[in-house]
There are 2 protein chains.
Amino acid sequence: MIRAKAIQVALGQRPADIAILNGRIANVHTAEFYPADVAIADGIIAMIGDISHCLGKGTKVIDAAGYTLLPGFIDSHIHVESSLLSFSEFARVVLAHGTTTVASDLMEVAIVTGIEGIREMLKEAEGSPLKLFLFSPSHLLKPGLETIGGGFDLSDVKETLPWLETVGLAEIIVHHILATDDVLSEAIALTERARKTLEGHAPALTGKTLAAYLTAGIRSDHESTNTAEALEKVRSGMRLMIREGSVSTDLRECLKVITEHRVDPRHCLFVSDDVHVLDLTTVGHMDHKVRMAIEQGLAPMAAIQMATLNAAESLKVDDWVGSISPGRYADILLVKDMEKMPIDTVIAKGEVVVDKGQLRLPYKAVRYSPILRNTVKLRRPLEPDDFAVRVDRGAKQARVRVIRVLEGTLLKEAAEARLNVKEGVIQPDTNKDVLLISVVERYKRSGRVFTAFVSGFGLKAGAIASTVAHDHHNLTIVGTNPLDMAVAGNRLAETEGGLVAVRDGQVVSEVPLPVAGLMSDANAWTVAEQTRRIHEATKQLGCPLLSPYMSLSFAVLPFIPAYGITDLGLIDALKYEIVEPVLEVST
Amino acid sequence: MIRAKAIQVALGQRPADIAILNGRIANVHTAEFYPADVAIADGIIAMIGDISHCLGKGTKVIDAAGYTLLPGFIDSHIHVESSLLSFSEFARVVLAHGTTTVASDLMEVAIVTGIEGIREMLKEAEGSPLKLFLFSPSHLLKPGLETIGGGFDLSDVKETLPWLETVGLAEIIVHHILATDDVLSEAIALTERARKTLEGHAPALTGKTLAAYLTAGIRSDHESTNTAEALEKVRSGMRLMIREGSVSTDLRECLKVITEHRVDPRHCLFVSDDVHVLDLTTVGHMDHKVRMAIEQGLAPMAAIQMATLNAAESLKVDDWVGSISPGRYADILLVKDMEKMPIDTVIAKGEVVVDKGQLRLPYKAVRYSPILRNTVKLRRPLEPDDFAVRVDRGAKQARVRVIRVLEGTLLKEAAEARLNVKEGVIQPDTNKDVLLISVVERYKRSGRVFTAFVSGFGLKAGAIASTVAHDHHNLTIVGTNPLDMAVAGNRLAETEGGLVAVRDGQVVSEVPLPVAGLMSDANAWTVAEQTRRIHEATKQLGCPLLSPYMSLSFAVLPFIPAYGITDLGLIDALKYEIVEPVLEVST
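Residues numbered from 1 in each chain as written. Chains lettered and ligands numbered in written order. Predicted model: local features only at pLDDT ≥ 70, side-chain atom pairs only at ≥ 80, totals over all residues. Heavy atoms only, no water.

1. Digging into the sheet that holds strand β7 (residues 68-71) of chain A
Residues and elements named next belong to chain A. Strand order in the open sheet formed by seven strands is β3-β2-β7-β16-β17-β18-β19, and the pairing between neighbours is mixed. Each edge of the open sheet carries a strand with a single partner, namely β3 (32-35) and β19 (358-359). As defined by bridge partners, strand β16 (residues 332-335) adjoins strand β17 (residues 343-348) across four bridges and the pair is classed as antiparallel. Note that in β17 the partner of Val335 across the bridge is Ile343. (Pairing = 2+ DSSP bridges. Helix = DSSP H or I, 4+ residues; strand = E, 2+ residues; numbered from the N terminus.)

2. So, the interface of chain A and chain B
The interface of chain A with chain B comprises 69 residues on the first partner and 69 residues on the second. Summed over both sides, the interface of chain A with chain B buries roughly 5800 Å², with 52% coming from carbon and sulfur. The largest per-residue losses of area from chain A upon contact with chain B belong to Ile2, Arg195 and Arg266 of chain A, which jointly make up 15% of the total buried on that side. Our enumeration of links across chain A and chain B arrives at 14 salt bridges. Scanning the region where chain A abuts chain B turns up 38 residue pairs in polar contact (both at pLDDT 80 or more). (Contact = heavy atoms within 4.5 Å. Buried area = accessible area lost by both parts, 1.4 Å probe. Salt bridge = Lys/Arg side-chain N within 4 Å of Asp/Glu carboxyl O. Polar contact = N/O pair within 3.5 Å; in protein donor to acceptor, adjacent residues only side chain to side chain.)

3. Thoughts on the side chain of Ser369 of chain A
With respect to the helices and strands, Ser369 of chain A occurs in the loop between β19 and β20 (397-405). Looking at Ser369 of chain A, its side chain comes within polar contact range of the main-chain nitrogen of Ile371 of chain A, at 2.9 Å.

4. Structural notes on the sheet that holds strand β29 (residues 563-566) of chain A
Two pairing modes exist for strands in a sheet, parallel and antiparallel, and in both the strands are linked by backbone hydrogen bonds. Residues and elements named next belong to chain A. Spatial strand order, β29-β30-β31: three strands in an open sheet with antiparallel pairing. Looking along the sheet, the strands with just one partner apiece sit at the ends: β29 and β31 (577-579). With direction set aside, neighbouring strand axes in the sheet form an average angle of 45°. Sheet topology places strand β30 (residues 569-572) next to β31; three bridges connect them, and they run antiparallel. The residue of β31 that forms the bridge with Leu570 is Val579. (Axes fitted to C-alpha atoms, helices over the stretch in contact; angles between N-to-C directions.)

5. Considering the environment of Leu334 of chain B
Residues and elements named next belong to chain B. Looking at the element boundaries, Leu334 is found in strand β16 (residues 332-335). Taking C-alpha positions, Leu334 is 9.4 Å from Gly66, a pair spaced 268 residues apart along the chain. When residues no more than four places from it in sequence are discounted, the contact partners of Leu334 are Ile62, Ala64, Tyr67, Thr68, Leu69, Pro342, Ile343, Asp344 and Thr345.

6. Observations concerning the packing of aromatic side chains
Inspection of the entire model under this criterion finds six aromatic pairs over all chains. Centre to centre, the rings of Phe133 of chain A and Trp320 of chain A are 6.2 Å apart; their planes meet at 20°, and the pair counts as stacked. On the criterion of sequence distance, the pair formed by Phe133 of chain A in strand β10 (residues 131-137) and Trp320 of chain A in the loop between α15 (309-314) and β16 is long-range, its members being 187 residues apart. Across this residue pair, the class does not change: Phe133 of chain A and Trp320 of chain A are buried. Look at Phe559 of chain B and Tyr576 of chain B: their rings are 5.3 Å apart centre to centre, the planes differ by 10°, and that puts the pair in the stacked class. Of the two residues, Phe559 of chain B sits in the loop between α18 (548-555) and β29 (563-566) while Tyr576 of chain B sits in the loop between β30 (569-572) and β31 (577-579), which places them 17 residues apart along the sequence. Here Tyr576 of chain B falls in the buried class, since its relative accessible area comes to 15%. Across from the ring centre of Phe33 of chain A, 4.3 Å away, lies the NZ or CZ of Arg24 of chain A, which sits over that ring. Positioned above the aromatic ring of Tyr329 of chain B is the side chain of Lys131 of chain B, whose terminal nitrogen or guanidinium carbon lies 4.8 Å from the ring centre. (Phe/Tyr/Trp six-rings, centres within 6.5 Å; stacked < 30°, edge-to-face > 60°. Buried < 20%, exposed > 50% of the residue type's maximum accessible area, 1.4 Å probe, protein only. Lys NZ or Arg CZ within 6 Å of the ring centre and 35° of its normal.)

Structure follows, in structure tokens:
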């Protein structure tokens, strides 16, 4: 875009809005650090180097003596809804940690509300100093083995793909490629023609199946969980999105492709995928990943490139963001300590949003459209009997499939257990840590409740529930007994969704998420405190997981091996087909 | 694109078309060399690594033992017309040197014929194993100080920009940006919306004017002629296209940003801009630049990345070309000697076009459309008197502006000279090497002949002429006397354009270029021999320049300092305004 004011400022014909003097810049194009001043006009970088001719009355001068200027950080794969925060509050938290750009498919909202909810989210994001790039979700192109409230079909892809903020087609599913699916094929062709990115989603995919998948032109992957997988993917030409989320903590292993295997880091970058508010407000966001990488032995410049330019190039938006250079958005961080990397000052779109550690954006209550409200709609209140897995009345024992949830990864193990049967109902067993897990359809459509078995949550009493449950976001409950499960489910219908922990028929802790049943409308730090409390309450029930509700939300996801669960049944993730939870009954 | 056959080959369900076994690949993503086999299906790379399951009856096996496999080279800024070859012949020559992709704006053809000529060129390129990416020309958006035959306006940009092969808007002129021109502004906005590249053109631009120019989002520049300029541009976030052409030989100086200043080479790449057939057939193309860079001390991997991946990323087509990885076009070079880099085997789009040094593509005569023929149309035959620069009949001397043409660069110096006047006509002076240079409008429009003064050609007798003359491609003649100039000009009208050298009223050598007056329709090696001969003949006339006709073609270009010449006058390139060639007359 030809920008008259920026041109005039660069030429010294009018004063800059902001001048950052006496700092040194991290030039991610050349991998150099050197002293340079920066002039900003209309939110854009107008001039770098000697900018004395750009100063004038009205120029706000920032003295950066002793500071290094970094480009604002970019998270190129994050589900902002997983923070549990509204976009406005998410923005406040991540801006405070130096993130100035995120890319997200807003699929969770689309699942609940369809494209109208995405429009509402974009409206909310419009005025924010945090730039939001959109991916068109691709998961919903084919009807899944689940009931959802919204959706996102080919016509929605056609509508959203040409938008200026849209950067590609998100998380393309392996089995749809291998099946040469027609609808996906058309969406892919449209994306290529729009010169946007085909984002991958290839958990545990290697060898010939990975190659077959890549022949479609897939650009990136964020699902590597070990060094060998990461190495194969980056060698195969994928942009290696090294994930460090609240549950899936893959950075240490994946970073070894650089620190041990010494690959060129240009196609490596950091992403969050899913990270909740408590982690965001305590350990941080992209700053945390940069710090971790430097601790693991990466050179600071490489770590900075990975969090900025490499991400911008992966999204093909490096003409706009990812570096401190003329014509880019004025997204600049001031940092003194390059090892521990506290972010002292944050400028986003030319606005000083963090000033010497102080966040300058106030909390503002947002009035949400009816599209995003009242989305937890049960056909009738739940009763304990809804969660009974019934077999022959004469049965004594049942051998069942069990989803084993693991700490530190989204991958789940396929396990089995023998459980007792009482009066034809299979009983959970807290000693074996085999609990009930139920998915309750919440959009007043199928009205179904499906129950299977789970281990890893470790509850000794009570139940926990959530309306955040990938990728259908039905009401999902893990419990030691049907009564507490019913109480938990009914409570979430009252709060329009959220997270809840129940014991002995009483709610012991909760996080209301009334926006689409996915997000809070409260102040981020309030939600962080609510989350801290419910994690503590859940620990009291016996759960050893660090992020039990996020683990719960992924326990049901059918696109990550071994199993997922929906209102329609237990899903074998590799074959994407329904399997029976009960394998055998013995009398 | 979902490609059923490539998927099946990768999965081992059907045999590969080609298998390259026992080689080691240059992985430009990770900057590694390691042994790996490659399976090709339908012109696409299907699988890399262990491909034993992809072999079968009908698989053509290439034994690459002892060879390194490089991605095909990419020239991301070349005016293919400057080769003097038809696209088909240009393709044969550069493929033989390992180039499998070029990007070109085909502006020279557009100048002569408009968009219809571009369509004809693209038709010719369609079946070629050489991939042609198109830039929409931007020079012609504003009427220039010149008369041309064709043109390329905003409606042409709108038409061509969405094409799948179009990669951006070419060579955006500095003064149009600084003038915040409306038409250019719209073309730029369209390009950004199409997510394509804004290619720069910033000869000798530095400091605040460079910054002002870059605020428009300009992505690249190919005009750096010295280390300081190159360093400033790459630090400013531009993709540094290091040029090594037939006239502008900038590689040695510009490469020092890497070999001496040690910048990250990821945003550096090699381009030709303008290189003629004789250089292409003798020193080579991108292989020559890679060799030169390695000779200058660059690591082979960095040189290969610059000629492949870095170029593909600069054009934003790295999902398709620039590396050996699944889903990319099967563009692969087999090289044994990584220093001298003779290209032994070339596979382009999965076709073996060079096999152990033997070019497998035959010459094919192309019948060109009338759109591209008979484009040299003079109103009447030229006469010596057409080239007279007249002043007062009483004048004895005149002080004149002189364009001084230099070896090794497209930049020209602004000089002055005192010349004698005879009977009111300013006389060229071979002793001072100040000759006449005339531009004769050749599209039967203005019919004008404009004459000014030039030095650097060193002719002691005769005249040389060309219908290749940037950016108007009018008939351009440099001469020691008006008679030979008239003979030269009239001869080119007879041959439908070309290059010609004349002495004592006789044609001594010529290269007919009947396709748009820019390109030959003959076999490339025939044209190379014709070019060698005319260079020799021109040297006999006294010319010391290595590529006199290319120097001539740029001597008139108004977008490169100091001066240009068109049928309308002498142009000050920095101000882009007409200036008088005659400064003063003395009696």
